[in-house]
Amino acid sequence: MKALITGANRGIGRAMHDQMKARGDDVIGTARRPAEGDAGFVTLDVTNTDSIEALKAQLQGHALDLLVCNSGVYLDKGDALETGYSEQAWADSFAVNVTGVFLTIRALLPNLRKSSAGKIAIISSHMASSERAPGGAYIYRASKAAVLNLGRNLAVDLTPENIAVGIYHPGWVQTDMGGAAADITVEQSAAGLLERFDTLSMPTTGVFETYDGVALPF
């Protein structure tokens with residue numbers, strides 16, 4: 001399998017990258033600033049159209065079986081309603097979590113079309129669910145809900161082209177974002193997510209589920 005994972009230099013993205021490499025997949029990882037010596041990594045800033053176009057040119061003519069849109073930010077964590085949620089935080093969060101996902105997918109559609117069964121995996125969150133609305137984290141929840149909506153609509157539009165789209169909650173993971181008290185390790189999350197990607201197909205396109213296969217309410 002030929003795969004590309006955005007935001008693969010650390011956390012869940014890095015664990016997915018390393019596990020796919022270990023099982024023999026051909027994996028490209030992206031980072032805003034790839035570390036020296038990170039073989040197979042390329043530069044990508046999903047908020048920068050020039051960077052996205054440069055990646056598109058770099059991959060021109062190459063088939064891509066799986067695109068994992070993993071890059072994401074949680075800038076309003078702990079914000080208070082009266083004092084937090086700055087305008088800049090809204091803009092920056094949507095630039096990465098929504099617009100960046102859309103622009104990356106659009107740029108790499110020609111590569112996915114060259115595969116016999118291309119797949120797109122979008123890392124969202126159970127916090128995207130409108131049915132589960134406990135309050136708070138307004139920016140993060142809104143951005144993840146937006147990218148869930150994006151993925152669901154892409155699943156419809158790409159069905160005639162045999163490109164399946166899945167939207168996933170990675171779990172509460174022990175990362176910089178999730179914190180040390182989180183439920184699972186990055187390795188556990190990555191392993192579960194890869195199982196989900198492997199089983200994603202046209203009959204399940206548009207799915208919204210957890211890393212361990214539990215269906216989530218929209």
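Residue numbers here run from 1 along each chain, matching the order of that chain's written sequence. Reporting in this predicted model follows two pLDDT cut-offs: at least 70 for local features of residues, and 80 or more for side-chain atom pairs to be given and counted; totals over whole chains, interfaces and linings ignore these cut-offs and use all residues. Calculation of side-chain values draws on the structure's entire complement of heavy atoms; hydrogens and water are dropped beforehand.

Asks: If you had to explain the overall build of the chain to someone new, which residues and values would you point to?
Replies: Secondary structure elements are taken from DSSP: a helix is a run of H or I of four residues or more, a strand is a run of E of two residues or more, and numbering for both begins at the N terminus. Per the secondary structure count, the chain includes five helices and seven strands. Of the regular secondary structure in the chain, the N- to C-terminal order runs β-α-β-β-α-β-α-β-α-β-α-β. If one aligns the C-alpha atoms of the chain with their principal axes, the spans along those axes are about 50 × 40 × 30 Å. Relative accessibility decides the category of a residue: with a 1.4 Å probe and only protein chains considered, values under 20% of the type maximum give buried, values over 50% give exposed, and everything between is partly exposed. By the burial criterion, 48% of the 218 residues in the chain qualify as buried. Throughout, a contact is declared for two residues whenever any of their heavy atoms are within 4.5 Å. Taking as baseline every contact in the chain between residues at least 6 positions apart, the subset at least 24 positions apart corresponds to 67%. As presented, the chain carries roughly 10200 Å² of accessible surface, and 51% of it is formed by carbon and sulfur atoms. Each charge class in the chain can be summarised by its mean position, and for the 18 positive and 24 negative side chains these summaries are 4 Å apart. Accessible areas in this description were obtained via Shrake-Rupley with a 1.4 Å probe; residue shielding takes into account the shown protein chains only. His is not counted, nor are the chain ends, whereas Lys and Arg count as positive and Asp and Glu as negative. Working definition for charges: the position is that of NZ of Lys, CZ of Arg, CG of Asp or CD of Glu.

Asks: Run through helix α2 (residues 49-58), naming residues and quoting values.
Replies: Within the span of α2, buried status applies to S51, I52 and L55. When α2 is viewed along its axis, its buried side chains cluster within an angular range of 100° and face the same direction. Every exposed residue of α2 that faces more than 90 degrees away from the buried side is listed here: D50 and A57. On its buried face, α2 is in contact with β1 (2-5), β3 (41-43) and α3 (87-113). Between the side-chain oxygen of the N-cap and the backbone nitrogen of D50 there are 2.9 Å, and the N-cap of α2 in question is N48. By arc we mean the arc of the directions from the helix axis to the C-beta atoms, nothing more. For the purposes of these results, a polar contact is taken to be a pair of N or O atoms within 3.5 Å, where, inside protein, one atom must be able to donate a hydrogen and its partner to accept one; residues adjacent in sequence count only when each atom of the pair is a side-chain atom.

Asks: Go over a nonpolar patch on the surface, please, and point to the residues and values.
Replies: Note that patches include only residues with greater than 30% relative accessible area and no salt bridge, and the join distances are 9 Å for like charges and 5 Å for nonpolar side chains (Val, Leu, Ile, Met, Phe, Trp, Tyr). By definition, a salt bridge exists where a carboxyl oxygen of Asp or Glu is found within 4 Å of a side-chain nitrogen of Lys or Arg. Together, L81, W90 and Y138 make up an exposed nonpolar region whose accessible area comes to about 300 Å². The class for W90 is partly exposed, based on a relative accessible area of 33%.

Asks: Explain the packing of helix α1 (residues 11-22) against helix α5 (residues 186-199) to me, using residue names and the numbers behind them.
Replies: A pair of packed helices is characterised by two quantities: the angle between their axes and the separation of those axes. Every angle, taken between N-to-C directions, lies between 0 and 180 degrees, and every axis is a line fitted to C-alpha atoms, over only the stretch in contact when it is a helix. Here α1 crosses α5 at 60°, and the two axes come no closer than 8 Å. With respect to the hand of their crossing, α1 and α5 are arranged in right-handed fashion. Here G11, I12, A15, M16, Q19 and M20 of α1 lie close against α5, whose contacting residues are V186, E187, S189, A190, A191, L193, L194 and F197. A class-by-class count of the residues in the contact of α1 with α5 yields ten nonpolar, three polar and one charged. Helix crossings are classified by the rotation of the near helix relative to the far one: an anticlockwise turn of less than a right angle makes the crossing left-handed, while a clockwise turn makes it right-handed. Each residue is assigned to one class: nonpolar for Ala, Val, Leu, Ile, Met, Phe, Trp, Tyr, Cys and Pro, charged for Asp, Glu, Lys and Arg, and polar for all the others, Gly among them.

Asks: Give a detailed account of the sheet that holds strand β4 (residues 66-69), specifying residues and quantitative values.
Replies: Strands qualify as paired when DSSP identifies two bridges or more between them. Strands sit in the order β3-β2-β1-β4-β5-β6-β7 across an open sheet of seven strands; the sheet is parallel. Each of the sheet's edge strands pairs with one partner strand only, and the pair in question is β3 and β7 (207-210). For this sheet, the mean inter-axis angle between neighbouring strands, taken without regard to orientation, is 20°. For β1 and β4, the ladder comprises three bridges, and the chain directions are parallel. When the sheet's bridge partners are listed, I5 is paired in β4 with V68. Seen against the sheet, helix α4 (residues 138-158) touches β5 (119-123), β6 (164-169) and β7 and runs at an angle of roughly 160° to β6. On the sheet, α5 packs against β4, β5, β6 and β7 and is oriented at approximately 145° with respect to β5.

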